[in-house]
Amino acid sequence: MGPRGHGMRQSFRSFSRDSSVKNSKIAKGTFKRILKFASPYKKLLGIFLAVIIIDAVAGVINPLIFKEIIDKGILGKNTTLVVQLAFLVAGLSIFGALLSFVQRYFSARIGEGLIFDMRTKVFSHIQQMPIAFFTRTQTGALVSRLNNDVLGAQEAFTDVLSTVIGNAISVILVIIAMAFLSWQLTLISLLILPFFLLPARWFGRHLQSITREAYTLNADMNITMIERFNVAGAMLAKLFGNPKNEDTLFQERAGRVRDIGVNQAMYTRIFFISLMLTASLATAIVYGWGGVLAIQKAFEVGTVVALTAYLGRLYQPLTALSNIQVDIMTALVSFERVFEVIDLPPMIAEKKDAKKIPQEAATINLDHVFFRYPTAEEVSLASLESVATLDKTKSREVLSDVTFTVKPGQMTALVGPTGAGKTTIMQLVARLYDTTKGTVSINGVDVKDATFDSLHAILGMVTQDPHMFHDTIKANLLYAKPDATEKQMKKALEDAQIWPLIEKLPNGLDTMVGERGYRLSGGEKQRLAIARLLLKAPHIVMLDEATAHLDSESERALQKAFETALAGRTSIVIAHRLSTILNADQILVINHGKIVEKGTHKTLLAKRGLYANLYHTQFSTKK
Ligand SMILES: Nc1ncnc2c1ncn2[C@@H]1O[C@H](COP(=O)(O)OP(=O)(O)OP(=O)(O)O)[C@@H](O)[C@H]1O
Ligand SMILES: [Mg+2]
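Nothing here was measured: the structure is a model prediction, and the numbers come from that model.

### Description of the overall build of the protein chain
Logical step 1: Each helix and strand counted, the protein chain has 22 helices and 12 strands in total.
Logical step 2: Over its C-alpha atoms the protein chain spans a radius of gyration of 35 Å, topping by over 25% the 25 Å that the globule rule assigns to 623 residues.
Logical step 3: Along the first, second and third principal axes, the C-alpha atoms of the protein chain reach 120 × 55 × 55 Å.
Logical step 4: Contacts in the protein chain between residues at least 24 apart in sequence constitute 82% of all its contacts with a sequence separation of at least 6.

### Comments concerning the site of ligand 1
Logical step 1: Around ligand 1 sit Thr-135, Tyr-373, Ser-395, Val-398, Gly-416, Thr-418, Gly-419, Ala-420, Gly-421, Lys-422, Thr-423 and Thr-424, and those are all the residues in its vicinity.
Logical step 2: For the shell around ligand 1, the element with the highest residue contribution is helix α13 (residues 422-429), accounting for three residues.
Logical step 3: Grouping the constituent residues of the shell around ligand 1 by class yields three nonpolar, eight polar and one charged.

### With respect to the pairing of strand β12 (residues 594-599)
Logical step 1: Where strand β11 (residues 586-591) and β12 come together, five bridges link them in antiparallel fashion. Its bridge partner lying in β12, Val-589 is registered against Glu-597.
Logical step 2: Turn length for the β11-β12 hairpin, with the two strands adjacent in sequence and antiparallel, is two residues, and the turn residue His-592 shows positive phi of about 45 degrees.

### Overview of the environment of Leu-605
Logical step 1: The topology assignment puts Leu-605 in helix α21 (residues 601-607).
Logical step 2: Along the primary structure Leu-605 and Tyr-615 are separated by 10 residues, whereas in three dimensions their C-alpha atoms are 8.1 Å apart.
Logical step 3: Ignoring any residue separated from it by four or fewer positions in sequence, one finds Leu-605 in contact with Tyr-611, Ala-612 and Tyr-615.

### Let's talk about the sheet that holds strand β1 (residues 364-371)
Logical step 1: Ordered in space as β2-β1-β4-β5, the four strands form an open sheet in which the pairing is antiparallel. On the outer flanks of this sheet lie β2 (399-406) and β5 (445-446), each paired with one strand and no other.
Logical step 2: For β1 and β2, the ladder comprises five bridges, and the chain directions are antiparallel. Within β2, the residue paired with Ile-364 across the bridge is Val-406.
Logical step 3: Against the sheet, α13 engages β1, β2 and β4 (437-442), with an angle of about 120 degrees to β1.

### Looking at the sheet that holds β12
The strands that make up a sheet are held in pairs by hydrogen bonds between backbone atoms, and each pair lies either parallel or antiparallel.
Logical step 1: If you trace the six strands from one edge of the open sheet to the other, you get β6-β9-β10-β3-β11-β12, paired in mixed fashion. The open sheet has two edge strands with one neighbour each: β6 (459-462) and β12. Looking at each pair of strands side by side, their axes are set apart by 15 degrees on average, direction ignored.
Logical step 2: Bridging between strand β9 (residues 540-544) and strand β10 (residues 570-574) involves five bridges; their strand directions are parallel. Its bridge partner lying in β10, Val-541 is registered against Ser-571.
Logical step 3: Running at roughly 175 degrees to β6, helix α18 (residues 522-536) makes contact with β6 and β9 of the sheet.

### Thoughts on the packing of helix α4 (residues 79-127) against helix α11 (residues 324-343)
Logical step 1: The N-to-C vectors of α4 and α11 enclose an angle of 30 degrees; their axes lie 9 Å apart at closest approach. When you trace α4 past α11, the crossing you get is left-handed. Contacts between α4 and α11 involve Met-118, Lys-121, Val-122, His-125 and Ile-126 from the former and Val-338, Val-341 and Ile-342 from the latter.
Logical step 2: Here the residues of the contact of α4 with α11 are counted per class, giving six nonpolar, one polar and one charged.

### A short note on the confidence of the model for the protein chain
Logical step 1: Predicted confidence across the protein chain gives a mean pLDDT of 84, with 92% of residues reaching 70 or more.
Logical step 2: Across residues 1-5, confidence stays below pLDDT 50; counting only partners more than four residues off in sequence or on other chains, it has two contacts.

### Looking at the nonpolar core
Logical step 1: Residues Ala-413, Leu-414, Ala-496, Ile-530 and Ala-531 are the most contacted members of the largest nonpolar core, which totals 74 residues.
Logical step 2: Here this core spans two domains, since at least three of its residues come from each of domain 1 (2-16 + 25-343) and domain 2 (408-433 + 445-619).
Logical step 3: One finds Phe-48, Val-326, Val-333 and Val-341 within the second-largest nonpolar core, a separate group that totals 24 residues.

### Thoughts on helix α10 (residues 301-322)
Logical step 1: Between the first and last C-alpha of α10 there are 32 Å, a value that for 22 residues agrees with the 32 Å anticipated at 1.5 Å per step.
Logical step 2: Summarising burial for α10: 16 of the 22 residues are buried, a large majority.

### Points about the pairing of strand β3 (residues 411-415)
Logical step 1: Along β3, five of the five residues are buried, which leaves the element largely enclosed by surrounding structure.
Logical step 2: Burial along β3 is two-sided: the residues Met-411, Ala-413 and Val-415 and Thr-412 and Leu-414 are all buried.
Logical step 3: Of the pairings in the sheet, the one linking β3 to β10 comprises four bridges and is parallel in character. Along β10, the bridge assignment pairs Ala-413 with Val-573.
Logical step 4: Here four bridges tie β3 to β11, and the two strands are oriented parallel to one another. Across the sheet, the residue bridging to Val-415 is Val-589, located in β11.

### Considering the environment of Thr-135
Logical step 1: Within the secondary structure, Thr-135 is located in helix α5 (residues 131-136).
Logical step 2: Residues Thr-135 and Ile-165, 30 residues apart in the sequence, show an inter-C-alpha distance of 45 Å.

### Description of unusual backbone geometry
One can expect most non-glycine residues to show negative phi and most peptide bonds to be in trans.
Logical step 1: The phi dihedral of Ala-537 falls on the positive side, at around 50 degrees, and the residue is not glycine.
Logical step 2: Structurally, Ala-537 is set in the loop between α18 and β9.
Logical step 3: In the Ramachandran plot, Arg-608 falls in the positive-phi region, its phi being about 55 degrees despite a non-glycine side chain.
Logical step 4: According to the C-beta neighbour criterion, Arg-608 is exposed, with 9 such atoms within 10 Å.

### Quick notes on the domain arrangement of the protein chain
Logical step 1: Here the protein chain is partitioned into domain 1 (2-16 + 25-343) and domain 2 (408-433 + 445-619).
Logical step 2: A straight line from the C-alpha centre of domain 1 to that of domain 2 covers 56 Å.

### Quick word on α18
Logical step 1: Taking 1.5 Å of rise per residue, 15 residues should cover 21 Å, and α18 covers 21 Å from first to last C-alpha, within 8% of that figure.
Logical step 2: In terms of burial, α18 is largely enclosed, as 13 of its 15 residues are buried.
Logical step 3: Backbone geometry just after α18 places Ala-537 at a positive phi near 50 degrees.

### Some points on the packing of helix α3 (residues 42-74) against α10
Logical step 1: Two numbers describe how α3 lies on α10: the axes approach to 8 Å, and their chain directions differ by 160 degrees. Classified by the angle between their axes, α3 and α10 sit roughly antiparallel to one another. For the element pair α3 and α10, the recorded crossing hand is right-handed. Between α3 and α10, the residues in contact are Gly-59, Asn-62, Pro-63, Leu-64, Phe-66, Lys-67, Glu-68, Ile-70 and Asp-71 and Val-301, Gly-302, Thr-303, Val-305, Ala-306, Ala-309, Tyr-310 and Arg-313, respectively.
Logical step 2: Residue composition of the contact of α3 with α10, by class: nine nonpolar, four polar and four charged.

Calculation rules
Residues numbered from 1 in each chain as written. Chains lettered and ligands numbered in written order. Predicted model: local features only at pLDDT ≥ 70, side-chain atom pairs only at ≥ 80, totals over all residues. Helix = DSSP H or I, 4+ residues; strand = E, 2+ residues; numbered from the N terminus. Rg over C-alpha atoms; globule rule 2.2 N^0.38 Å. Contact = placed C-beta atoms within 7 Å. Near = placed C-beta within 6 Å. Nonpolar A, V, L, I, M, F, W, Y, C, P; charged D, E, K, R; others polar. Pairing = 2+ DSSP bridges. Axes fitted to C-alpha atoms, helices over the stretch in contact; angles between N-to-C directions. Left-handed = near helix turned anticlockwise from the far one by under 90°. pLDDT = per-residue confidence, 0-100. Core = buried A, V, L, I, M, F, W, Y, C linked by C-beta atoms within 7 Å. Buried ≥ 20, exposed ≤ 12 C-beta atoms within 10 Å, placed from the backbone. Domains from an automatic or database assignment. Expected span 1.5 Å × (residues − 1). Parallel < 35°, antiparallel > 145°, perpendicular 65-115°, else oblique.

This is how it looks when you write it as structure tokens:
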């Protein structure tokens, strides 16, 4: 098949591309930005293009040599010439093979390089996004942006280059050579083309819609698998599901993938068949008419052979070029989808003249803080949430006029009904979100003016359901303090009351914690998270206590771990446990985003207000 096979695949890919991209609007600067991305590859691109041109020219020479072999060599009974030309053909073939290798080498170097550049850029940009961005976007959509679009952009980029340049040169040279041999036959060959192109377009349109549908159906099927096979989903299915229903659902989705697969195969085949058929029909005409002319001596035999050889090099490039608009637009759109992510400004960024928070015993101060969660439009991209337009409705006020101070070394407990805004307060202190009004400051520095490094260094947080990366216990600990020694790790684990358990594991610190740390119980995971925090030894500790009721032994272990973690540190704890509120220096009762009561356990209890109420329903029954 050689170059012909490749050309056919390329035109097929081109025709199955979504032609509606022609109507998309491309931002003005996109083209320039693509050039900028490509600019490190200027030299490689230059060589690549040169190779494409040489290849196109070399491809046009061969049929002319065939003609010489037949007319001058065979018919002229000149053995030497035949042998010489045969060697020339052989040499050209070897040269062509080398060229195609070199061409692939350069297109791969450029293509993979572009992929690398774009991927690393998108990754590091997404890293800077605030947590609000991740709560809105679908992980799948993000990963697909890093994989498919980046891939599509580079594929289209190298494809378009080789298609436009290589095919354009090839077509022009072939038509010149053919017209030189016989303009009548050239004209006829060109006239046949529409008979192929029209059905190709028609099939192309069907192919596009089938390809698109196949994508969706495949995605549906994959979602079913991913949802059912992750631990949480599997658990839900086991507890509430009915395996028969699950099977039926999956069979139905897999069945549709099967059916569309058959359809797709048939349409693809028809596309190829019609392409081959046109070429064969044209060849028949040239042989027929050319042969007759050759008998009448109006033509040399070699001319007929050369013309038919050219036909093969005419249709594929022309087909590919006929769809070039779609190819170019596909490339532009893919690039644009990647740029779109890179352009999204991180809502929470470090100021240029950011100050360092003094790393010492810390005071936390919230001053008339108001907060509402940002709208989707402020933090995210519609295309990443698979919705047409982003929600602009403002969330209701989650915190209003919250003012309090936590003095160095003291513990503040937050209590209140669910949804009151307790976790939100912690997230504001860690600057996972920015306040709408009012300031949060640590050691006198507004967190909005602080460097990220100093903010991260001074505080540590343990969430209700702490996350562990799918890695060893050691690696998860080192994430908080990369230079920690084994001894320090052991100490932290001991203080967090989890060392006896880890010591007993066959692989000790090298034990893998499964996806989301699944092989640990909830209480164990929280203690491991505390160990991670102790290793970091921050001045501020924030704890969102697990609501889950623990057995008394784990409860005692957890309490001891908490005590060690909080000792001598400034802390904010969302309390679900009695011992925490009893030990707190200050208790804030939060309701509907406001601090409604403030004091110690004793004074608050005496007030007989919301706190007393909560205490009697939530805390006093738990020991
Ligand atoms: N990412 C978010 N976007 C929009 N609204 C949110 C978001 N997270 C929380 N909220 C809303 O903000 C309010 C306060 O939530 P928060 O998580 O602070 O409550 P909480 O006091 O910690 O409750 P719980 O005790 O159940 O953990 C809730 O009404 C919640 O619906
Ligand atoms: Mg909460």
